[in-house]
Amino acid sequence: MPTDIPETDEHRGAASNTNPPAVLPPARHGAGGQVSTIEALAEIPEEDIWLAKQKSKRTRRAYKQDVRHFMRTLNIRSYNELRQVDHRAVIAWEHFMREIDKSASSTIRRRLAALSSLMKHLTRHGHLGKNHVAEVDRPAINRDEGTTLAFSKADARRILDHPVEDTVEGLRNRAILSVGLQVGLRRAEIAALAVEDLHQNRGYDSLRVVRKGGRRDALAIHPQTAQRIRAYLELAGHGDDLDGPLFRPLSRNRKMQETRRHMDPDAIDRVLRKHANAIGLGRGYSAHSMRATFITTTLENGASLEEVQKAAGHRDPGTTKLYDRRSYNPEKSASHRANY
């Protein structure tokens, strides 16, 4: 399967990459004279326009992978073939994921949502008769409670204090874990922070955050989080690089990229897993567990749903409730009491 969605001979040379172009395509000379920018834009496949209009880089990457999975599964090799599919192709794909690939319900729903977004776009612009995903039932999910595991308060404290305090890596990880567990930011939000995002507002230490969809927010943070960030910046030595990345990799990677760059969100996940594993909590936990722990703990400590919703950056309070694990009490489980 080609690396893009897809890079066929038909579209090679057009704007078929997965990221929005940094600038408008320039006017150029063709066989019939100069081609205007408008004409150059008209040559871009509509599928690439759909992908490019997604504002989040991570969304573009996820959508690309999900649509690629559909095309690879059904051996679709060109955009023209993609536009010929109907409900039977989508149903076959869903059946393959559910019955053969044994994909999780959340994965199936996400992939169907990505394909539905593409088909809706193609339908709106006259390249497809209808959105065929709309005819396919999606797996049911529990809308009352999510599946992300949360840490107990005691385990969260152990994780927070596990990194050493006498190295740049240790101080960096202590600050990252504090931002995750005591501020509740998503891993992508943590990775995107700049040095200048730590500031004071009305006398309180605060962080500026870029939310999903590019929304900007600012929120007061736990005093320990601010202290840990400052300790890390002091030892790392980039506290005056205000527009530079806050959390940075410790060395160049295999592509020889400089260390003055943002950590990848996946690296934030690895930091959490490393220290969770070290205290014996390996299986099932991820960086998102920090967010579930933050929401559950702050609600448990008396914060209102509205306050926690704002801190989490959710538009809908129902989304915040999905992370609330207060109803899960293992000690009151019937099977926990089945002693013989």
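First, a word on what this report is: a plain description of the structure on this page. (Residues numbered from 1 in each chain as written. Predicted model: local features only at pLDDT ≥ 70, side-chain atom pairs only at ≥ 80, totals over all residues. Heavy atoms only, no water.)

## Quick look at the packing of aromatic side chains
Any pair of aromatic rings gets described here by the distance separating the centres and the angle formed by the planes.
So, point 1. Enumeration according to the criterion identifies 4 aromatic pairs in this entry.
So, point 2. Plain terms: the ring middles of phenylalanine 151 and tyrosine 285 are 4.4 Å apart, the flat faces sit at 15° to each other, and that makes the pair stacked. Linking phenylalanine 151 in the loop between helix H6 (105-124) and helix H7 (153-160) with tyrosine 285 in the loop between helix H11 (265-278) and helix H12 (287-300), this pair joins segments that are 134 residues apart in sequence.
So, point 3. By relative accessible area, tyrosine 285 is classed as buried at 15%. (Phe/Tyr/Trp six-rings, centres within 6.5 Å; stacked < 30°, edge-to-face > 60°. Helix = DSSP H or I, 4+ residues; strand = E, 2+ residues; numbered from the N terminus. Buried < 20%, exposed > 50% of the residue type's maximum accessible area, 1.4 Å probe, protein only.)

## Focus on the nonpolar core
So, point 1. The biggest cluster of nonpolar side chains holds 46 residues, and the ones touching the most others in it are Phe151, Val179, Leu207 and Phe247.
So, point 2. At the level of secondary structure, the elements contributing two or more residues to this core comprise H7, helix H8 (168-183), helix H9 (187-191), strand S4 (204-210), helix H10 (223-236), H11, H12 and helix H13 (305-312).
So, point 3. No other element matches H8, which puts 7 residues into this core.
So, point 4. When residues no more than four places from it in sequence are discounted, the contact partners of valine 179 are Gly184, Leu185, Ile190, Leu193, Leu207, Thr225, Ile229 and Phe247. (Core = buried A, V, L, I, M, F, W, Y, C linked by side-chain atoms within 4.5 Å. Contact = heavy atoms within 4.5 Å.)

## What about the side chain of glutamine 182?
So, point 1. Note that glutamine 182 resides in helix H8.
So, point 2. Of the residues examined, glutamine 182 reaches a relative accessible area of 16% and is grouped as buried.
So, point 3. In terms of polar contacts, glutamine 182 uses its side chain to reach the side chain of serine 178, at 2.4 Å.
So, point 4. Within polar-contact distance, the side chain of glutamine 182 engages the side chain of threonine 225 at 3.4 Å. (Polar contact = N/O pair within 3.5 Å; in protein donor to acceptor, adjacent residues only side chain to side chain.)

## Focus on the pairing of strand S3 (residues 198-201)
Side chains on a regular strand alternate between the two faces of the sheet.
So, point 1. Pairing of S3 with S4, which is carried by 4 bridges, proceeds in the antiparallel orientation. Opposite glutamine 200, over in S4, you have aspartate 205 as the bridge partner.
So, point 2. If you look at the hairpin formed by S3 and S4, you'll find 2 residues sitting between the two strands, and arginine 202 has a positive phi there, around 55°. (Pairing = 2+ DSSP bridges.)

## A look at H12
So, point 1. Over its 14 residues, H12 extends 20 Å from the first C-alpha to the last, a length consistent with the 20 Å expected when each residue adds 1.5 Å.
So, point 2. Within H12, 11 of the 14 residues are buried, which leaves the element mostly enclosed by the surrounding structure.
So, point 3. Among the residues making up H12, those that are buried are Ala287, Ser289, Met290, Arg291, Ala292, Thr293, Phe294, Ile295, Thr296, Thr297 and Leu299.
So, point 4. Elements in contact with the buried residues of H12: H7, H8, H9, H11, H13 and helix H14 (317-321).
So, point 5. A positive backbone phi angle near 105° is found at glycine 302, which sits one or two residues after H12. (Expected span 1.5 Å × (residues − 1).)

## What to know about the pairing of strand S5 (residues 216-220)
So, point 1. Burial along S5 is one-sided: Asp217 and Leu219 are buried, and none of Arg216, Ala218 and Ala220, which face the opposite way, are.
So, point 2. Where S4 meets S5, 5 bridges bridge the pair, whose relative direction is antiparallel. Within S5, the position partnered with leucine 207 by the bridge is leucine 219.
So, point 3. A loop of 5 residues connects S4 with S5, the two strands running antiparallel in sequence, and glycine 213 in this loop sits at a positive phi of about 80°.

## A word on the packing of H8 against H10
So, point 1. Direction vectors running N to C along H8 and H10 enclose 155°, while the axes themselves pass 8 Å from each other. Here H10 runs roughly antiparallel to H8, going by the angle between their axes. Handedness of the crossing formed by H8 with H10: left-handed. Contacts between H8 and H10 involve Val168, Leu171, Arg172, Arg174, Ala175, Ser178, Val179, Gln182 and Val183 on the former and, on the latter, Gln224, Thr225, Arg228, Ile229, Ala231, Tyr232, Leu235 and Ala236.
So, point 2. Class assignment for the residues of the contact of H8 with H10 results in 10 nonpolar, 4 polar and 3 charged. (Axes fitted to C-alpha atoms, helices over the stretch in contact; angles between N-to-C directions. Parallel < 35°, antiparallel > 145°, perpendicular 65-115°, else oblique. Left-handed = near helix turned anticlockwise from the far one by under 90°. Nonpolar A, V, L, I, M, F, W, Y, C, P; charged D, E, K, R; others polar.)

## Some words on H6
So, point 1. Taking 1.5 Å as the rise per residue, H6 with 20 residues should run 28 Å; its terminal C-alpha atoms sit 28 Å apart, in good agreement.
So, point 2. Within H6, the full set of buried residues consists of Thr107, Ile108, Arg109, Arg111, Leu112, Ala114, Leu115, Ser116, Leu118, Met119, His121 and Leu122.
So, point 3. For H6, the secondary structure elements touched by its buried residues are helix H2 (46-52), helix H3 (57-73), helix H4 (79-82) and helix H5 (87-100).
So, point 4. One or two residues past the end of H6 sits glycine 126, with phi positive at roughly 80°.

## Thoughts on unusual backbone geometry
So, point 1. Positioned with a positive phi, asparagine 75 is a non-glycine residue whose angle comes to about 55°.
So, point 2. Within the secondary structure, asparagine 75 is located in the loop between H3 and H4.
So, point 3. Residue classification places asparagine 75 among the partly exposed positions, given a relative accessible area of 47%.
So, point 4. The backbone phi angle of arginine 202 is positive, close to 55°, even though this residue is not glycine.

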